[in-house]
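Examination of the molecular architecture
Okay, here's what each chain looks like letter by letter:
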Amino acid sequence: MRILLYNPDNGVTRNFMPHLWMFLLQALTPAGHDVLLIDGNAQPMDETQIAQFVRDENIGLVGIGAMTRMVARAYRMADAIRATGVPVVMGGPHVTEAADEALGRDGGPRHADAVALGEADGTWPLIVEDAVRGELKEIYAPIDAMGQERKPSLNPYPEIPWDKLDLHQFNLVPGLMHPLLKNFREGWGTFRIVPVESGRGCPYGCEFCTVTGFFGDSIRFRTNESVVNELLLLKARARKEQGQIAVFFIDDNFAINLKRTKSLLRDIIAAKAQLFWVAQISANLLRDEELVDLMAASGAKWVFIGMESVDPVNLKGVNKGFNKPGEYAAVLERLAKRNIYAITSFIFGMDNDTTGVAERTLQQVRTWPPGLPVFGLLTPLPATPLYERLEAAGRLTRPRHWLDFSSFTMAHTPLKMTIEEAHAELNYGWAHSYSPEALAQAVAALDDQHVGDRVNVFLARLCFRGIYFPMLTKWSWLRVIVENRRTILRLFKEGVVRWMRPRNSASQVSVDVATPSISGDANA
């Protein structure tokens, strides 16, 4: 049987990274089946196109995974596929909490023939076998013989054959740039960010988060050897292609067990398995100097930190009091000293937010090392404690907001602002963080750093700008380049000067070793 695993586009911007679930289920599919992968962020399709694809490729089963913000799109694509007579199985955090919605049991239309609840590592092979026999059940749940939920141990972990997979759709280098970049230093003909997980689960239980409900608060890890071997496989592919591969560790909190994380990073270093990597780590865990040293030595370049607010009252209100705003600056300085920069996430519309919250937040951000501030609105996702609290208080304005998805739009009434004021704060945060002036200031703040690190921060800011100001056409990119031409020209001149500078002095060698740039050293 030919199987299609499809991930819909996220409705906000082109995603920079494929979703791991597709590769994981592909590896878990019983032998004898041909599995195709399509990520709608990298390979856009509308309903007509995906229906035609299913017919042309003689697909016998389609698996669709979707988070809440993508589920309306997922439902439309599922409807188009089912209209061809091909069964659809849906899974992921949203349908786990809203299975009746996907199956049409809530009075609405039916979108799926079957739903996989929770982590599908154990149920996916059963789903495939039932589909072959034409005997799909409506619900597949990971439960044991006693009816208790069963969590995958991650040991052994499925081997994903990264060296053999077709990753063409995930190359982030624009086609027009390929001839120019493919011979640049160690090769930039391809650049991919690949998802890798080293563990699952989070014990914190933040009020707005779906992680604890989906993965549970039981933390599970892969073996160090398993992770290291995967990184070595990716590194070998990058070298063979003369391209670049970076890794995003998608663990809910990569350093949740400090002893284990340090052990993993030491093994990565010992095996020379370093690739540039990004991970999600909470600020409280980044107090540890030894951890940050190991992160830098193992290839870390960016860390996503869910700061959420600079107001301790807000943080306590959403069960994230372990975040201490007074420590934010020290944490970011600690990272920046090792040429690691932060993606700092903030949420507006919390219960203690008032007008001016964006500027108050930016006043703090401007005192920190330059990074990538990102802003969102407090969003009540189904079955979270936040959703239940707001529903009980009668504050939901769009109880099923996901069925009429509108990016960056409130779904409830804030306590101390109007919805319109919350939207204005969001606009202010993005506009004042990603203007040409703000990008130039971020680069200037790193004048004492290696030119590669300044280019790294500038390019990252330019790309993250697209989250709120989409740049999906050549003309939109050209406009942004023109707006930032002075900064680009300055970095280009500095890069040329450094390239032309004699490189045979011991001091120059020591600088290159101590401060790897974006030129590809980690993939060497």
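Described in the following lines is the structure provided in the data block. Quantities reported herein were computed from a predicted structural model and do not represent experimental measurements.

**Some thoughts on the environment of Ser226**
Of note, Ser226 is situated in helix α9 (residues 224–241). On a C-alpha basis, the gap between Ser226 and Asn155 in space is 8.9 Å, while along the polypeptide they are 71 residues apart.

**As for the pairing of strand β13 (residues 341–348)**
For β13, the buried fraction is high: eight of the eight residues fall into the buried class. Alternating positions in β13 separate into two faces, Tyr341, Ile343, Ser345 and Ile347 on one and Ala342, Thr344, Phe346 and Phe348 on the other, with burial throughout. Relative to β13, strand β12 (residues 300–308) runs parallel, the two sharing six bridges. Among the inter-strand pairings, Val303 is bridged to a residue of β13, identified as Ala342. Bridging between β13 and strand β14 (residues 372–377) involves six bridges; their strand directions are parallel.

**Some words on the sheet that holds strand β5 (residues 114–116)**
Spatially, β2-β1-β3-β4-β5-β6 is the arrangement adopted by the six strands of the open sheet, whose pairing is parallel. With one partner strand each, in any of the chains shown, β2 (34–39) and β6 (139–140) form the two edges of the open sheet. Relative to β2, strand β1 (residues 2–7) is paired through six bridges, and the arrangement is parallel. Counted as the bridge partner of Asn7 is Asp39 from β2. In the packing of helix α2 (residues 47–56) onto the sheet, contacts are made with β1, β2 and β3 (61–65), and the angle to β1 comes to roughly 160 degrees.

**Notes on the pattern of salt bridges**
Summed over all chains, the structure comprises 40 salt bridges. Between Asp163 and Lys164 there is a salt bridge, and its shortest N-O distance comes to 3.3 Å. Judged by relative accessible area, which is 68%, Lys164 ranks as exposed. Glu197 is paired through a salt bridge with Arg200; the nearest N and O atoms lie 2.9 Å apart. Residue Glu197 is classed as buried on the basis of its relative accessible area, which comes to 5%. Under the relative-accessibility criterion, Arg200 is labelled buried at 4%. If you follow the salt bridges from partner to partner, you end up with Glu119, Asp121, Glu149, Lys151, Glu197, Arg200 and Arg220 in one network.

**Details of empty space enclosed by the protein**
Unfilled space is identified by rolling a water-sized probe across the atoms. Taken as a whole, this structure holds four cavities of 30 Å³ or more when the rule is applied. Each pocket or cavity is described by its volume, and for the largest cavity that value is around 60 Å³. In this structure, the largest cavity is lined by Leu332, Ala342, Thr344, Val365, Trp368, Pro369, Pro370, Gly371, Leu372, Pro373 and Arg461. Elements with a minimum of two residues in the lining of the largest cavity: β13 and β14. A per-class count over the lining of the largest cavity returns eight nonpolar, two polar and one charged.

**Overview of the packing of aromatic side chains**
Counted under the stated rule, the structure contains 18 aromatic pairs. Summarising the aromatic geometry, the rings of Tyr468 and Phe469 are spaced 5.2 Å apart at their centres and angled 90 degrees between planes, so their arrangement reads as edge-to-face. Each member of the aromatic cluster is reached from another via a ring pair, and the members are Tyr328, Phe346, Phe348, Trp368, Phe375, Phe408, Trp430, Tyr434, Tyr468 and Phe469. The lysine or arginine in question, Lys301, covers the ring of Phe276, its NZ or CZ lying 5.7 Å from the ring centre.

**Things to note about helix α11 (residues 289–298)**
Every buried residue belonging to α11 is among Leu291, Val292, Leu294, Met295 and Ser298, and all of these are buried. Buried residues of α11, seen end-on, are gathered within an arc of 160 degrees and therefore sit on one face of the element. Two or three places before Glu290, at the opening of α11, Asp288 has a side-chain oxygen 3.0 Å from that residue's backbone nitrogen. After α11 finishes, the residue Gly299 shows a positive phi value of roughly 115 degrees.

**A word on the nonpolar core**
Formed by 106 residues in total, the largest nonpolar core has its most connected members in Leu286, Met295, Ile305 and Leu335. Residues in contact with Leu335, not counting those within four places in the same chain, are Leu286, Val292, Met295, Val303, Ile305 and Ile340. Ala66, Val71, Tyr75 and Ala78 belong to the second largest nonpolar core, which has 41 residues in total.

**Side note on helix α14 (residues 357–365)**
Listed as buried for α14 are Val357, Ala358, Thr361, Leu362 and Val365. In an axial view of α14, the angular spread of the buried residues amounts to 130 degrees, which keeps them on one side of the axis. For α14, the secondary structure elements touched by its buried residues are β13, β14 and α16 (419–431).

**Comments concerning unusual backbone geometry**
For residues other than glycine, phi is negative in most cases, and the peptide bonds are mostly trans. Each neighbour pair has its own omega, and for Asn155 with Pro156 the value is 0 degrees, a cis peptide bond. The topology assignment puts Pro156 in the loop between β6 and α7 (178–181). The backbone of Asn319 shows a phi angle near 65 degrees, a positive value even though the residue is not glycine. For Asn319, the position within the fold is in the loop between α12 (312–317) and α13 (328–336). Look at Asn319 and you get partly exposed, because its relative accessible area is 44%.

Conventions used here
Residues numbered from 1 in each chain as written. Predicted model: local features only at pLDDT ≥ 70, side-chain atom pairs only at ≥ 80, totals over all residues. Heavy atoms only, no water. Helix = DSSP H or I, 4+ residues; strand = E, 2+ residues; numbered from the N terminus. Buried < 20%, exposed > 50% of the residue type's maximum accessible area, 1.4 Å probe, protein only. Pairing = 2+ DSSP bridges. Contact = heavy atoms within 4.5 Å. Axes fitted to C-alpha atoms, helices over the stretch in contact; angles between N-to-C directions. Salt bridge = Lys/Arg side-chain N within 4 Å of Asp/Glu carboxyl O. 1 Å grid on protein atoms, 1.4 Å probe; cavity = no way out; pocket = protein on both sides within 12 Å on 5 of 7 lines; lining within 4 Å. Points joined across faces, edges and corners; volume = space filled by probe spheres on them. Nonpolar A, V, L, I, M, F, W, Y, C, P; charged D, E, K, R; others polar. Phe/Tyr/Trp six-rings, centres within 6.5 Å; stacked < 30°, edge-to-face > 60°. Lys NZ or Arg CZ within 6 Å of the ring centre and 35° of its normal. Arc of directions from axis to C-beta. Polar contact = N/O pair within 3.5 Å; in protein donor to acceptor, adjacent residues only side chain to side chain. Core = buried A, V, L, I, M, F, W, Y, C linked by side-chain atoms within 4.5 Å.

Remember, this is a structural readout, not a statement about activity or role.
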